Amino acid sequence: LVNFASKLDSDLKHHLETSAVFKGVSKTIQNEILDCLLQIYHEDIRTEIRKASFVAVMADDTTDVSKHTQMVLVLRYILNGEIFEHFGDSLFQKIKLEMALEQLDIILQGNGQKLIAQTFDGANVMKGKKAGVQAKIKAVYNNAHFIHCYAHQLNLIMRNAASIKRNARIFFSNILAIPTFFSRSPQRVSILKKHMEVSIPRPSSTRWNFNIRTINRVHENLQPLINCLTEIQSTSNADQTIAEATGILKYLSDDNFKFWLELFHHIMPHVEIIYNQMQSREISVFKVNECITNFKTAILELRNSKYCENPSKTLMAEAKEVCDCVCVDITDRYSSTKHLVAVKLFNKKCFTSFKNE
């Protein structure tokens, strides 16, 4: 920003070119400026929360490429009829619950009655009723009711559906083996690039958007993938590589594997649509119910389509059961959203439309 401003301000440009005191490019100076900004930012949040009647806290973590776990607290509150969401603090590596609670104490100024909600993912360490983070926070802040993240709920629904039948579990285990096989060797990756223009992302047990990409890549590049593995099988000197390539080739040509690949290839676009909808900042409770209804309709149509047809009656029954599981599970897990309709009545931005509707 300093360098950009110097292009617009001749005095600043002259200062940067001639001054030996401050140029704004030192990492130490930059970090000090950022620390100052952060302190002001946090103080502004504290001031606003002191004025707000209620506040909710959300927390999530991610592991970066250097294997460091980073966790962030997000504070959500209403002030003068407007909804605000702000980062409360970032806690790196070995985060402790006591540190998080200490931050909340500072921000809430000891008024535990203000904290009325806490939202996390479905990890046991977070949602546990006795020893989970939510239980420990509830012990300190009595009104802090736990709300399971809606987007993570969808991940659990799909994970349950993918594991309900043995053949479906075998399919996802085999899908996982493909990107794992290539990730172990740069030589394998180079051969893959000869046959495919895109890589195969590794699936995830919790992030179904990764599973969507993995299944789509394998489905759309099935023959190039077979050609690639055939080349590896015939040119490699390593017995283990040959054995693994042979194993993958075997199930890529298997009719059962192709059946599940085709089925989930048609399920996944609907999962991706509702996954993105659930993460929209603008989504309302009415829209949530509409999205769920549309999703269930699409899955039921798929259940009764040709994609669930197979010469094996057992396989057909299992596919229909997977679709049924998705529909039943999503109805059950999102059944507690209707009470939020009443909350919508207090949104002053909607008063005009309420008069009309």
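Preceding this section is the structure that the text describes.
The following paragraphs examine the structure supplied in this document. Here the residue numbering is sequential within each chain, running from 1 through the sequence in written order. It should be noted that, the model being predicted, local features are given only for residues of pLDDT at least 70 and side-chain atom pairs only at 80 or more, the latter also being counted only at that level, while totals for whole chains, interfaces and linings use all residues. Side-chain descriptors were evaluated using all non-hydrogen atoms of the structure, hydrogens and water having been removed beforehand.

1. Observations regarding the packing of aromatic side chains
And step 1. Each Phe, Tyr or Trp ring, with Trp reduced to its six-membered ring, pairs with another whose centre is within 6.5 Å; inter-plane angles below 30 degrees give stacked pairs, above 60 give edge-to-face pairs, and intermediate values give tilted ones. Scanning the entire structure with this criterion turns up eleven aromatic pairs.
And step 2. Judged by centre distance (6.0 Å) and plane angle (25°), the rings of Phe120 and Phe146 are stacked. Of this pair, Phe120 sits in strand β4 (residues 115-120) while Phe146 sits in strand β5 (residues 145-148), and the two are 26 residues apart along the sequence.
And step 3. Remark: exposure states derive from per-residue accessible area (1.4 Å probe, protein chains only) relative to the maximum for the residue type, with buried under 20%, exposed over 50%, and partly exposed in between. Judged by relative accessible area, which is 4%, Phe120 ranks as buried.
And step 4. Centre to centre, the rings of Phe171 and Phe257 are 5.2 Å apart; their planes meet at 45°, and the pair counts as tilted. On the criterion of sequence distance, the pair formed by Phe171 in helix α8 (residues 166-183) and Phe257 in helix α13 (residues 255-278) is long-range, its members being 86 residues apart. For the pair Phe171 and Phe257, one class covers both residues: buried.
And step 5. Grouping aromatic residues by their ring pairs yields a cluster made of Phe171, Phe172, Tyr251, Phe257, Phe259, Trp260 and Phe264.
And step 6. Sitting over the ring of Phe181, Arg188 keeps its end group 4.2 Å from the ring centre. Secondary structure is summarised from DSSP: a helix means a run of H or I of at least four residues, a strand means a run of E of at least two, and numbering begins at the N terminus for each. In our convention, an over-ring charge means Lys NZ or Arg CZ found within 6 Å of a ring centre and within 35 degrees of that ring's normal.

2. Remarks on a nonpolar patch on the surface
And step 1. Excluding any residue in a salt bridge, patches collect residues exceeding 30% relative accessible area, merging like charges within 9 Å and nonpolar Val, Leu, Ile, Met, Phe, Trp and Tyr side chains within 5 Å. Here the Shrake-Rupley method, with its probe set to 1.4 Å, supplies the accessible areas, and only the displayed protein chains count as covering residues. Any Lys or Arg side-chain nitrogen located within 4 Å of an Asp or Glu carboxyl oxygen qualifies as a salt bridge. Taken together, the side chains of Ile33, Leu34 and Leu37 present a nonpolar region at the surface, about 280 Å² in accessible area.
And step 2. Looking at the element boundaries, Leu37 is found in helix α3 (residues 27-51).

3. Quick notes on the pattern of salt bridges
And step 1. Evaluation of the coordinates by the stated rule reveals ten salt bridges.
And step 2. Asp329 is paired through a salt bridge with Arg333; the nearest N and O atoms lie 3.6 Å apart. Taken together, the residues Asp329 and Arg333, both in helix α15 (residues 313-333) and four residues apart, mark about one turn of the helix.
And step 3. One salt-bridge network, in which partners are shared between bridges, spans Glu43, Arg46 and Arg50.

4. Some thoughts on the packing of helix α7 (residues 150-163) against α13
How two helices sit against one another is set out by the angle between their axes and by the gap between those axes.
And step 1. The interhelical angle for the contact between α7 and α13, taken along N-to-C directions, is 160°, at an axis separation of 8 Å. Judged on the interaxial angle alone, α13 and α7 are roughly antiparallel. As α7 packs across α13, the resulting crossing turns out to be right-handed. Here Tyr150, Ala151, Leu154, Asn155 and Met158 of α7 lie close against α13, whose contacting residues are Ile267, Val271, Ile274, Tyr275 and Met278.
And step 2. Each residue receives one of three labels: charged for Asp, Glu, Lys and Arg, nonpolar for Ala, Val, Leu, Ile, Met, Phe, Trp, Tyr, Cys and Pro, and polar for the others, Gly being one of them. Classifying every residue of the contact of α7 with α13 gives nine nonpolar, one polar and no charged. Whenever a helix is involved, its axis is fitted only over the stretch in contact; in every case the axis is a line through C-alpha atoms, and angles between N-to-C directions fall within 0 to 180 degrees. For classification purposes, an angle smaller than 35 degrees is called roughly parallel, one larger than 145 roughly antiparallel, one from 65 to 115 roughly perpendicular, and anything else oblique. Take the far helix as the reference: if the near one is turned anticlockwise from it by less than a right angle, the crossing is left-handed, and if turned clockwise, right-handed. Any pair of residues with heavy atoms lying within 4.5 Å of one another is described as a contacting pair.

These results come straight from atomic positions and should not be treated as a statement about function.
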